[in-house]
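Coordinate inspection notes
Here's the letter readout for the chains.
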Amino acid sequence: MSKTKTGETIENVEFPTFDASKTTDQIRAFAEKGVEQSKEAYTKLKTGAEETQKVLESTYETAKTVSSDLSLKTIAALRANAEAGFSHLEALIGAKSLSEVVELQTAFLRKRVETTVEQAKEFQAVASKAAEDVSKPVKTAFEKALKDIKAA
């Protein structure tokens, strides 16, 4: 009773049966895999956030310490400069002649230039060390993160 392409009746043709239990198992397996991947992603995110917090705390503490060192260095330089200025003023007051005043002023200015250059070098060294110390934890964490990404 088979007819041609009109599709009215086809004998001896088997249609696949639909097994709901297999579909349910597949959906369950897919959902479980999604939950497992979500847990792994959450764990990685949590670990990353904790590491970032530690790095930021370390960076903050380092910045605080470096800031204190720089402040102390600044105060010491200001004190030395003020003392030198007052000593120079006392010397000028005690000068007996104009030539002695010119000599004192010339020596004072020469010494101030030398001291300023020396202080600038010290500040540069402290600032460079500060920048290195503050950026070191961040740099280390960034390198670790890149290594972890490459490993994954």
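Residues numbered from 1 in each chain as written. Predicted model: local features only at pLDDT ≥ 70, side-chain atom pairs only at ≥ 80, totals over all residues. Heavy atoms only, no water.

1. Considering the pattern of salt bridges
Under the criterion given, the structure shown has four salt bridges. Between Arg 28 and Asp 25 there is a salt bridge, and its shortest N-O distance comes to 3.6 Å. In this pair, Arg 28 and Asp 25 are both assigned in helix 1 (residues 20-93), three residues apart and thus about one turn of the helix distant. You can call Arg 28 partly exposed: its relative accessible area is 46%. (Salt bridge = Lys/Arg side-chain N within 4 Å of Asp/Glu carboxyl O. Helix = DSSP H or I, 4+ residues; strand = E, 2+ residues; numbered from the N terminus. Buried < 20%, exposed > 50% of the residue type's maximum accessible area, 1.4 Å probe, protein only.)

2. Focus on the environment of Leu 109
With respect to the helices, strands and loops of the structure, Leu 109 is situated in helix 2 (residues 98-151). Along the chain, Leu 109 and His 88 lie 21 residues apart, while their C-alpha atoms are 9.9 Å from each other.

3. Let's talk about a nonpolar patch on the surface
A cluster of nonpolar residues, Phe 86, Leu 89 and Ile 93, forms a patch on the protein surface that exposes about 360 Å² of accessible area. Among the secondary structure elements, Ile 93 is positioned in helix 1. Ile 93 gets classed as exposed once you look at its relative accessible area, which sits at 67%. (Patch = residues over 30% accessible without salt bridge, like charges linked within 9 Å, V, L, I, M, F, W, Y side chains within 5 Å. Areas by Shrake-Rupley, 256 points an atom, 1.4 Å probe, with all protein chains shown as cover.)

4. Details of the confidence of the model for the protein chain
The predicted model of the protein chain averages 84 in pLDDT, with 87% of residues at 70 or higher. In the predicted structure, residues 1-7 sits below a pLDDT of 50 and forms six contacts with residues beyond four places in sequence or in another chain. (pLDDT = per-residue confidence, 0-100. Contact = heavy atoms within 4.5 Å.)

5. A closer look at the side chain of Arg 112
By the element assignment, Arg 112 lies in helix 2. The buried charged residue Arg 112 lacks any salt bridge, with Glu 114 as its nearest oppositely charged partner at 9.2 Å. Beyond its immediate chain neighbours, meaning those up to four positions away, Arg 112 contacts Asn 81 and Ala 84. (Lys, Arg positive; Asp, Glu negative; His and termini not counted.)

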